[in-house]
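Observations on the three-dimensional arrangement
Below, each chain spelled out in residue letters.
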Amino acid sequence: MAFVGKTKKATQQFETPEEMYLSPMPRTGKAAQGLWVHQGDVIRSYAENHTETADLALELPTGTGKTLPGLLIGEWVRRKGEGPVLYATPTTQLAKQVEKTAKREGIPVALLIGKHEDWDPADEMAVEAGEMVGLTTYSSIFNTRPYVPAPRLLIFDDAHAGEQFVGHKHGVDIRRSRDETAYLSVLTALKPFLSGLQFQRLEGPPDPGSHHAVRLIAPAVDREALAVLDSTLAKLGRPHKYDHAMIRAGFDASLVYLSYSGIQIRPMIPPTSENKVFAQARQRIYLSATLGSGGELERAFGRTSIVRMPLKSKTAPRSGRRLFVFPDLVAGGGSLALTKRIVALTNKALVLSQDTVERAEDAASQLAGEGIPVSGRDELDSQGLRAFAKATTGLLGLANRYDGMDLPDDACRVVVLDGKPDAVGLQERFLSERAEANSALLERIRTRIVQGAGRSTRGPNDFAVVVIRGADLTKYFARPENIAALDPELQAEVQFGWENSRGVDADVIVENVQTFLEHDEGWRTGGEEKVAEFLEDAKKVEPAAAEPLGKAAPLEVEAWQLAYASEWVAASKKLQEAVAQVGPEATRGYRGLLLYIAGVWMHLGAKDETQRAKARDLVREAGMAANRGTWLREMMPLPGAPDIDLAPMDVIAVNEIVARLRGKLKSGVLRNELLEMQAALGQDEAKRYERGLTSLGSFLGASAEKPKGQARADSAWEWGNAMWLTVEAKSEGHDDGLLPVKDIRQANTQMDQLAADREMDSAPANSPIVLLSDKLTVDPRHAPIANRNVYLSSPAVVSTIAGDVAAVWADLLSTATGKLSEPDQKKHVRAALADNGCLPSQVIDRLTQSRIRPGD
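First, a word on what this report is: a plain description of the structure on this page. None of the values given here were measured: they were computed from a predicted structure.

Tallying each qualifying case throughout the model produces 26 aromatic pairs. For the ring pair Phe326 and Phe477, a centre distance of 5.6 Å and an interplane angle of 75° mean the geometry is edge-to-face. Of this pair, Phe326 sits in the loop between β12 (321–325) and α14 (335–344) while Phe477 sits in helix α20 (residues 471–478), and the two are 151 residues apart along the sequence. Look at Phe326 and you get buried, because its relative accessible area is 0%. Exposure remark for Phe477: the relative accessible area of 4% places this residue in the buried category. The rings of Tyr138, Phe142, Phe156, Phe165, Phe278, Tyr286 and Phe301 are connected pair by pair, giving a single aromatic cluster. Across the ring face of Phe199, the terminal group of Lys191 is positioned such that the distance to the ring centre comes to 4.6 Å.

So this is what it looks like as structure tokens:
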């Protein structure tokens, strides 16, 4: 007979996590030799001041060791015997990485990842009983039926990625390329919110315009259509019906983001208070690489207040050295060729992109030398990061994976950032491209760039080359305010890289990269000292929008919680309080969006005509508050609301097009002109391109021509004296890939010259001057020379507008010979233009997304 007595738990307690760490824990020989100073500061401050803080964010910059302090805090709390402790990571790969660290340091952990039926029941019970720290993923917490226990302490690693892994989980994301049947089913349910032409373009084969634009729909405005949408989503297969279940309780608070490529349906801020594991935790700790002041963490996790505990030291710990290279700036162009040469120096690189999985892997394949293996998401999921880290050669191409991959020492010395990470999901694309609410995304974009650049510099002695590919990302680094928002060390590295890429011969750059990779005396004397010179003047400056957005964040979170509970009037009032905080010019686009949502919510909860009138007023204010608010014209109007007044330039365009349609119309000739316009704007020959621009202006209801004289714009569009626009394509190459200062100075004069042609003192106020180029960005030293009305756009944007215009005119020509009265025809023209982004005010909006002059 053998009886077992009471089990004695290893619950020796210590005053602080640091004291516990210094005790004889069962570490392996590979354990850390000791804590870094900043790591000790973090766990000491936690023990002294924050053991009962409900929501706490700990700042530990990229590559300075977040995992160990997080695990030590978790183990210290676990030993108190107050309940389960969970440590959550964005991905299973990172959870396995944390498990190795924990075992190395002698911390008992259990891995609770993947399908619940695959979990070890003994591990589950050990976590529930507080005998082990549970290692899990965000998705194991944020789902319709989480199996992890409600914890005493819940730790989120890489919390700065919360929007991607928490916000996206609270919504339905349908990608047409993966499930066209589901896409078309939902598109049909959304038909009441679309014009006939819009639906036709989205349902049919792609055209240049329909493929890219993202439009916003507030489905709760039409209760009958909302019910159909809800029913349609519930009938979809996996994973969509489960994703729908995550938000079904408050579905009428969701917004729809619709494009040709996909549909995303979600609330702007996730209803995490509905999740029992998250909400019932006594404490939530967010381990973050950055503690921005713009409220990003609060919005991502749906919390009204998260206390920030920054590093005590004013100087952030170094996380290695990075050599930034900007191939788009090199002498003679050849960005792809130079990047391939840099990758070939080691034949090993991590390639990060925000594009699709397939395109990210294609981007890596383009850079790989002959015989060099290329892997992607599937290999990472099946083999783990260790296989790539140990390989002597190979390229790993990943989409939207800027966090959670540690490649220290010589595991990988080259990181390629391919494109600006500003549109991970359709909601972000709408905020960025339509609502002009980039201010709300700046913190998110900056964090992704910093995280991606730091994948191979995980400690103070690491070093790696960071290649910046793509015109959009290069232009991001050309903005002084974006550089100033970085930590000083990173500012210095970026500025050093810019100066040593701009106009430099490719052979010299490859030689410099080789010197850096050797990292011996040649680098220390020739490179490191120069980086230090840039560091002397580097000073971090928070963006102007950060403070007001930070003040608005808790009010926004509370508003969305109220909306999710269908407390519409209270939600609207709370969001109006948030609007009052979002005041500066830098946040106008975001303010307009909040006002519109507040108007919709007031309408949904209105019990009398006073509240209904208030709802209409809020929507009207949204149009005035937004920078241009052209997306508002695509929205279903609130019942009883008058049409939004057209801008004077739009009235002129509608009248001109109607006059043309009611005149001596030759449909065949016009159709041929439309085909030629699109063809001309899709090729590079200068004279033909100029004719295409002028033809486009004419189809937009403008008086369009090529101004006479030297150094004049390629085309000038005039809508009476309401608004003018000049466009000039810059197709010629330049040694440094930068827009020459002479072109900026020349652009500054275009409106004055046009006014002189018309014998006027000046052009209409705010008339824009647009320079077109796919390849050029602006030297930060020269950008301040530009007038406020000078912008940089691309031929691709013009081509997209031309596609939209062709679709609109095809529709107009099909009805031109009918029996529409002139007033009805004006309504039809107005609707067709507005629904497809072709009113002059909308076209100007599309062409003026990037002002050259900084700070405006």
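With that settled, consider helix α5 (residues 121–128). For an α-helix, the turn length of 3.6 residues means that residues three or four places apart are oriented alike. Turning to α5, its buried residues are Glu124, Ala126 and Val127. What you see down the axis of α5 is that its buried residues fit within an arc of 165°, all on one side. In this structure, α5 carries Pro121, Ala122 and Met125 as exposed residues pointing more than 90 degrees from its buried face. For α5, the secondary structure elements touched by its buried residues are β2 (85–89), β3 (109–111) and β4 (133–137). Of the residues trailing α5, Gly130 is marked for its positive phi of about 80°.

This brings us to the pairing of strand β22 (residues 769–772). Residues Ile769 and Leu771 point to one face of β22 and Val770 and Leu772 to the other, with burial holding for every one of them. Summarising the sheet, strand β20 (residues 723–729) and β22 pair through four bridges and their orientation is parallel. Looking across to β22, one finds that Glu728 is bridged to Leu771. Here four bridges tie β22 to strand β24 (residues 790–793), and the two strands are oriented parallel to one another. Residue pairing for β24: Ile769 is matched across the bridge by Val790.

Here four strands make up an open sheet; going across it, the order is β6-β9-β8-β7 and the pairing antiparallel. With one partner strand each, in any of the chains shown, β6 (172–175) and β7 (215–217) form the two edges of the open sheet. This sheet shows a mean twist of 15° between the axes of neighbouring strands, independent of strand direction. Packed onto the sheet, helix α11 (residues 240–247) meets β6 and β9 (262–266) and runs at close to 150° relative to β6.

A grouping of Lys30, Lys96, Lys100, Arg386 and Lys390 is seen on the molecular surface, where their side chains present a positively charged patch. Where the positive patch is concerned, the elements lending two or more residues are α4 (92–104) and α17 (385–390). Tracing the sequence through the fold places Arg386 in helix α17. With relative accessibility at 51%, the residue Arg386 sits in the exposed group.

Of all five residues making up β9, five are buried, and the element is well covered by its neighbours. Alternating residues of β9 divide into Gly262, Gln264 and Arg266 and Ile263 and Ile265, and every residue in both groups is buried. Across four bridges, the pairing between β6 and β9 is antiparallel. Opposite Asp173, over in β9, you have Gln264 as the bridge partner. Pairing of strand β8 (residues 255–258) with β9, which is carried by four bridges, proceeds in the antiparallel orientation.

Moving on: the sheet that holds strand β15 (residues 394–399). Read from one edge to the other, the open sheet built from six strands follows the order β12-β17-β16-β13-β15-β14, with strand pairing classed as parallel. The sheet is open, and its two borders are formed by β12 and β14 (374–375), each paired with just one other strand.

Taken together, the side chains of Glu529, Glu533, Glu536 and Asp537 make up a negatively charged region of the molecular surface. By secondary structure assignment, the location of Glu536 is in helix α24 (residues 521–537). Glu536 sits in the exposed class, given a relative accessible area of 66%.

Interaxial distance between α14 and helix α23 (residues 506–518) falls to 10 Å at its minimum, and their mutual angle equals 25°. Comparing their axes, α23 and α14 come out roughly parallel. Along this stretch, α14 crosses α23, giving a crossing that reads as right-handed. Note on element contacts: α23 touches α14 through Ala506, Asp507, Ile509, Val510 and Val513, opposite Leu338, Arg341 and Ile342.

Across the nine residues of helix α18 (residues 426–434), eight count as buried, placing the element largely inside the fold. Buried within α18 we find Leu426, Gln427, Glu428, Arg429, Phe430, Leu431, Ser432 and Arg434.

Moving on: the nonpolar core. A general feature of soluble globular proteins is that nonpolar side chains tend to end up buried together. Grouped together as the largest cluster of nonpolar side chains are 137 residues, with contacts concentrated most on Phe156, Phe301, Phe477, Tyr596 and Trp601. Here this core takes 11 residues from helix α27 (residues 588–605), the largest share from any one element. Val658, Ala702, Trp717 and Val770 belong to the second-largest nonpolar core, a separate cluster that totals 42 residues.

So, about the environment of Leu426. Relative to the helices and strands, Leu426 resides in helix α18. The class of Leu426 is buried, set by a relative accessible area of 8%. The spacing of Leu426 and Arg104 is 322 residues in sequence and 41 Å in space, taken between C-alpha atoms. Apart from residues no more than four positions distant in its own chain, Leu426 is found in contact with Val214, Tyr257, Ser259, Gly262, Ile263 and Gln264.

Quick look at the packing of helix α29 (residues 648–661) against helix α36 (residues 840–847) now. With their axes 8 Å apart at the nearest point, α29 and α36 run at an angle of 120° to one another. Overall, the two elements α29 and α36 adopt an arrangement that is oblique. Packed against α29, whose contacting residues are Met649, Asp650 and Ala653, the element α36 presents Pro840, Ser841 and Ile844 at the interface. Residue composition of the contact of α29 with α36, by class: four nonpolar, one polar and one charged.

A few words now on the environment of Gln611. Among the structural elements, Gln611 can be located in helix α28 (residues 609–625). Residues Gln611 and Leu792 lie 181 residues apart in sequence; the distance between their C-alpha atoms is 43 Å. Setting aside anything within four residues of it in sequence, one finds Gln611 in contact with Val569, Met602, Gly605 and Ala606.

Summarising the element assignment, Glu59 is placed in strand β1 (residues 55–59). This buried residue, Glu59, is left without a salt bridge; Lys540 holds the nearest opposite charge, at 5.5 Å. With residues near it in sequence (within four places) discarded, Glu59 still touches Val42, Ser288, Ala289, Thr290, Leu291, Met309, Pro310 and Leu311.

Looking along the chain, the bond that leaves Arg238 and enters Pro239 is cis, with omega of -5°. The phi torsion at Asp158 lies on the positive side, around 50°, for a residue other than glycine. As for its placement among the helices and strands, Asp158 is situated in the loop between β5 (153–156) and α7 (162–167). Judged by relative accessible area, which is 4%, Asp158 ranks as buried. The backbone phi angle of Ser566 is positive, close to 65°, even though this residue is not glycine. By the secondary structure assignment, Ser566 is in the loop between α25 (546–564) and α26 (568–581).

What the rule picks out here adds up to 53 salt bridges. Linking Glu105 and Arg104 is a salt bridge whose minimum nitrogen-to-oxygen distance equals 3.7 Å. As a salt-bridge pair, Arg846 and Asp804 come within 2.5 Å of each other at their nearest N and O atoms. A residue pair is termed long-range when its members are at least 10 positions apart, and Arg846 in helix α36 and Asp804 in helix α34 (residues 795–816) qualify at 42 residues.

The rules behind these values
- Residues numbered from 1 in each chain as written.
- Predicted model: local features only at pLDDT ≥ 70, side-chain atom pairs only at ≥ 80, totals over all residues.
- Heavy atoms only, no water.
- Phe/Tyr/Trp six-rings, centres within 6.5 Å; stacked < 30°, edge-to-face > 60°.
- Helix = DSSP H or I, 4+ residues; strand = E, 2+ residues; numbered from the N terminus.
- Buried < 20%, exposed > 50% of the residue type's maximum accessible area, 1.4 Å probe, protein only.
- Lys NZ or Arg CZ within 6 Å of the ring centre and 35° of its normal.
- Arc of directions from axis to C-beta.
- Contact = heavy atoms within 4.5 Å.
- Pairing = 2+ DSSP bridges.
- Axes fitted to C-alpha atoms, helices over the stretch in contact; angles between N-to-C directions.
- Patch = residues over 30% accessible without salt bridge, like charges linked within 9 Å, V, L, I, M, F, W, Y side chains within 5 Å.
- Areas by Shrake-Rupley, 256 points an atom, 1.4 Å probe, with all protein chains shown as cover.
- Salt bridge = Lys/Arg side-chain N within 4 Å of Asp/Glu carboxyl O.
- Lys, Arg positive; Asp, Glu negative; His and termini not counted.
- Charge placed at Lys NZ, Arg CZ, Asp CG, Glu CD.
- Parallel < 35°, antiparallel > 145°, perpendicular 65-115°, else oblique.
- Left-handed = near helix turned anticlockwise from the far one by under 90°.
- Core = buried A, V, L, I, M, F, W, Y, C linked by side-chain atoms within 4.5 Å.
- Nonpolar A, V, L, I, M, F, W, Y, C, P; charged D, E, K, R; others polar.

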